[in-house]
Amino acid sequence: MNYLTINGGKRLSGRVQISGAKNSALKLMAASLLGHGTTVLTNVPRISDVFTMIEVLQRLGAGVSFEDNTLRIDTSGEISTIAPYDLVRRMRASINVLGPLLARSGHARVAMPGGCNIGNRTIDMHEAGLTQLGVRFTFDHGYLEGIADRLVGKKLVLDFPSRGATENLMTAAVLAEGVTVIENAAREPDIVDLASFLNAMGAQVWGAGTSTIEITGVGRMSSTEYQVSADPIEAGTFALAVLATGGDAELAGAQPETMEIFLEKLALSGAEWAPTESGIRVKCERRPRAVDFATLPYPGFPTDLQPQMMAFLVSAEGTSIVTENVFENRFAHTQELVRMGADIRTEGHHAVIRGVPGLQGAPVKGSDLRAGAALVVAALGAEGTTEVHDFHHVERGYEDFAGKLRSLGADVELMVETTSLQV
Ligand code: UD1
């Protein structure tokens with residue numbers, strides 16, 4: 001188990017390269033199962049979730065090699081249709097193999113992903129939509145098994161613009177007979193990436209990035225080469241890390257058009273940002289002002305930046321009100337921020353942050369990926385030393401986080417936890 005030590009109070013400056021998006025790379029990897037050849041994905045982040053998805057694909061029978069940031073996935077051989085629990089439980093995105101396996105083989109047996117630290121994440125919308133396309137599901141011993149003699153396109157309306165459900169329906173529908181229309185579809189940039197990737201493989205997908213996606217099924221798909229887009233959540237996290245220290249830095253590769261509401265909120269806090277030739281520059285020369293925000297599906301404020309934004313606002317001037325609308329239990333980081341001196345009260349899905357002049361370093365624990373990242377943001381601006389424990393959660397989604405922070409001037413070190421016998 002790793003933990004990160006941070007000696008706070010160092011002003012971050014310079015330039016950092018933003019990696020490819022975790023949430024795009026994982027979906028493209030799963031969708032590569034639709035081809036019968038070698039998929040080449042470039043700009044893939046070297047993060048533990050990608051290594052888990054590599055294991056999933058290998059277990060299914062794909063040949064995978066990963067050098068630097070280029071991933072090669074060979075799906076020309078026989079592909080198994082069983083995704084076992086020991087892998088699926090490590091990463092919910094493993095459920096993204098469901099659509100491609102059903103489309104390719106007419107069968108999938110996938111372990112139910114189960115709960116996680118940020119809330120009760122069911123897959124009822126995935127199941128309902130796929131059932132309408134012709135899949136018959138049974139559930140036994142913790143596994144969801146789907147069988148489809150043929151998939152037939154339909155008009156589907158989602159109760160909520162779920163990303164995972166939108167993706168599984170898209171990847172099943174690309175090989176279905178006829179036309180599928182997904183209404184109230186998720187609009188995140190990774191959905192656009194997935195559609196472009198599928199189209200490069202020979203699919204016919206229109207409307208990704210809007211609430212209505214239309215897919216005309218094709219007979220067969222080939223493998224292709226594709227570059228993963230920059231990660232807006234990593235870019236947002238680095239922006240907040242820089243701003244929490246009163247710093248000034250360029251986030252190379254960041255795409256401001258995928259981060260509009262976030263950047264608007266930054267500007268309201270008094271931080272400055274501007275597009276550059278290769279990304280975004282952010283700086284903050286004064287204490288930030290309080291800002292209210294509410295998370296919503298894209299293009300709303302991303303829930304995956306809520307904890308880090310809170311970590312920035314805890315030392316703002318005034319009171320901020322945060323509303324979490326996507327997950328019912330995504331305030332675990334607040335108690336740890338309070339241990340560092342923050343003043344936060346939560347009530348249901350609202351949090352009230354009364355800004356304090358500064359935080360103090362403390363040993364803290366990140367209970368999930370973005371909670372851990374938020375504690376790092378807070379620690380960078382705090383006085384003294386912070387240890388962020390359970391850092392493996394952060395390693396799921398940030399490539400070389402410590403090294404990139406160091407390149408901006410942070411004093412951080414990755415440590416290996418040694419367990420001591422308690423008597
Ligand atoms: C994805 C992202 C995750 C992000 C989340 C919300 C990946 C790998 N993960 O997760 O980082 O935090 O979007 O932007 O891309 N829901 C249902 N039934 C379903 C599906 C979803 O009730 O069948 C609910 C969930 O419990 C949750 C909400 O819908 O409250 C959003 O879920 P969804 O958009 O599906 O998130 P994921 O795809 O799991």
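What you are looking at is a predicted structure, and each value in this text was computed from that prediction instead of being measured.

**Q** Any chance you could explain the layout of surface pockets here in plain terms?
**A** The method is simple in principle: a probe with the dimensions of a water molecule rolls over the atoms, and the space it marks as empty is what remains. By volume, the second largest pocket amounts to about 220 Å³. Taken together, 19 residues make up the lining of the second largest pocket; nearest its centre are Leu 243, Ala 244, Pro 288, Ser 315 and Gly 381. Those elements that provide at least two residues to the lining of the second largest pocket are α8 (232-244), α10 (306-313) and α12 (369-381). Among the elements that line the lining of the second largest pocket, the one with the most residues is α12, at three residues. When the residues that make up the lining of the second largest pocket are grouped by side-chain class, the tally is eleven nonpolar, five polar and three charged.

**Q** Even after reading the chapter, I still don't get helix α1 (residues 22-31), so can you show me in this structure?
**A** Side chains of residues three or four places apart in an α-helix project in the same direction, reflecting 3.6 residues per turn. Burial analysis of α1 places ten of its ten residues in the buried class, the great majority of the element. When we look at burial in α1, the residues that qualify are Lys 22, Asn 23, Ser 24, Ala 25, Leu 26, Lys 27, Leu 28, Met 29, Ala 30 and Ala 31.

**Q** Help me out: how do you make sense of the sheet that holds strand β5 (residues 70-74) in this one?
**A** Within a beta sheet, neighbouring strands are joined by backbone hydrogen bonds and run either parallel or antiparallel to one another. Taken in spatial order, the four strands line up as β4-β5-β3-β14 in an open sheet, and their pairing is mixed. Every other strand in the sheet has two partners, leaving β4 (63-67) and β14 (225-227) as the edge strands with one partner each. Neighbouring strand axes in the sheet, compared pairwise and without regard to direction, differ in orientation by 15° on average. Inspection of the sheet shows β4 paired to β5 by five bridges, in the antiparallel sense. Its bridge partner being in β5, Val 64 is matched across the sheet by Ile 73.

**Q** In this structure, what is going on with the environment of Glu 167? I would like to understand it.
**A** Along the chain, Glu 167 falls in helix α6 (residues 163-173). A relative accessible area of 1% means that Glu 167 is categorised as buried. In sequence terms Glu 167 and Ala 31 are 136 residues apart; their C-alpha atoms lie 9.2 Å from each other.

**Q** Looking at this structure, how should I read the site of the ligand?
**A** Around the ligand there are 20 residues in total, and Lys 27, Asp 124, Ser 162, Asp 304 and Val 326 lie nearest to it. For the ligand, a nitrogen atom lies 2.6 Å from a polar atom in the side chain of Asp 124. At 2.9 Å from an oxygen atom of the ligand is found a main-chain nitrogen or oxygen belonging to Gly 164. Contact with the protein chains hides 87% of the accessible area of the ligand, taken as 740 Å² for the molecule alone.

**Q** Mind showing me how you'd approach the side chain of Thr 295 here?
**A** Tracing the chain through its elements places Thr 295 in the loop between β18 (293-294) and α10. Accessibility expressed as a relative area gives 0% for Thr 295, which makes it buried. A distance of 3.1 Å separates polar atoms of two side chains, one belonging to Thr 295 and the other to Glu 324. Look past the residues within four positions of Thr 295 in its chain and what remains in contact with it is Phe 301, Pro 302, Thr 303, Gln 306, Thr 323, Glu 324, Asn 325 and Val 326.

**Q** Honestly, the packing of aromatic side chains in this entry has me stumped. Any pointers?
**A** Aromatic ring pairs are defined here through the distance separating the ring centres and the angle between the ring planes. Applying the stated rule across the entire model yields six aromatic pairs. Ring centres 5.7 Å apart and planes at 75° place the aromatic pair Phe 197 and Tyr 226 in the edge-to-face group. Remark: Tyr 226 occurs in strand β14 and Phe 197 occurs in helix α7 (residues 189-200); sequence separation between them is 29 residues. Assigned by exposure class, Phe 197 and Tyr 226 land together as buried. Seen in terms of ring centroids, Tyr 398 and Phe 401 are 4.6 Å apart; in terms of plane orientation they differ by 25°. Their pairing is stacked. Here a set of aromatic residues connected by ring pairs shows up, and it is made of Phe 238, Tyr 398 and Phe 401.

**Q** Looking at this structure, how should I read the pairing of strand β20 (residues 343-347)?
**A** Residues in a regular strand project their side chains so that they alternate between the two faces of the sheet. Here β20 runs beside strand β21 (residues 350-354); their pairing, made up of five bridges, is antiparallel. Note on β21: the bridge partner recorded for Thr 346 is Ala 351. Here β20 folds back onto β21 in antiparallel fashion, the turn holding two residues, of which Gly 348 has a positive phi close to 60°.

**Q** Before we go on, may I ask you to explain empty space enclosed by the protein in this structure?
**A** Going through the model one piece at a time under the given rule, you end up with one cavity of 30 Å³ or more. Empty space within the largest cavity amounts to approximately 30 Å³. Its residues assigned to classes, the lining of the largest cavity comprises three nonpolar, three polar and four charged. Among the domains, domain 1 (2-19 + 230-416) and domain 2 (22-227) are the pair contributing at least three residues each to the lining of the largest cavity.

Each value, and the rule that gives it
- Residues numbered from 1 in each chain as written.
- Predicted model: local features only at pLDDT ≥ 70, side-chain atom pairs only at ≥ 80, totals over all residues.
- Heavy atoms only, no water.
- 1 Å grid on protein atoms, 1.4 Å probe; cavity = no way out; pocket = protein on both sides within 12 Å on 5 of 7 lines; lining within 4 Å.
- Points joined across faces, edges and corners; volume = space filled by probe spheres on them.
- Helix = DSSP H or I, 4+ residues; strand = E, 2+ residues; numbered from the N terminus.
- Nonpolar A, V, L, I, M, F, W, Y, C, P; charged D, E, K, R; others polar.
- Buried < 20%, exposed > 50% of the residue type's maximum accessible area, 1.4 Å probe, protein only.
- Pairing = 2+ DSSP bridges.
- Axes fitted to C-alpha atoms, helices over the stretch in contact; angles between N-to-C directions.
- Near = heavy atom within 4 Å.
- Polar contact = N/O pair within 3.5 Å; in protein donor to acceptor, adjacent residues only side chain to side chain.
- Areas by Shrake-Rupley, 256 points an atom, 1.4 Å probe, with all protein chains shown as cover.
- Contact = heavy atoms within 4.5 Å.
- Phe/Tyr/Trp six-rings, centres within 6.5 Å; stacked < 30°, edge-to-face > 60°.
- Domains from an automatic or database assignment.

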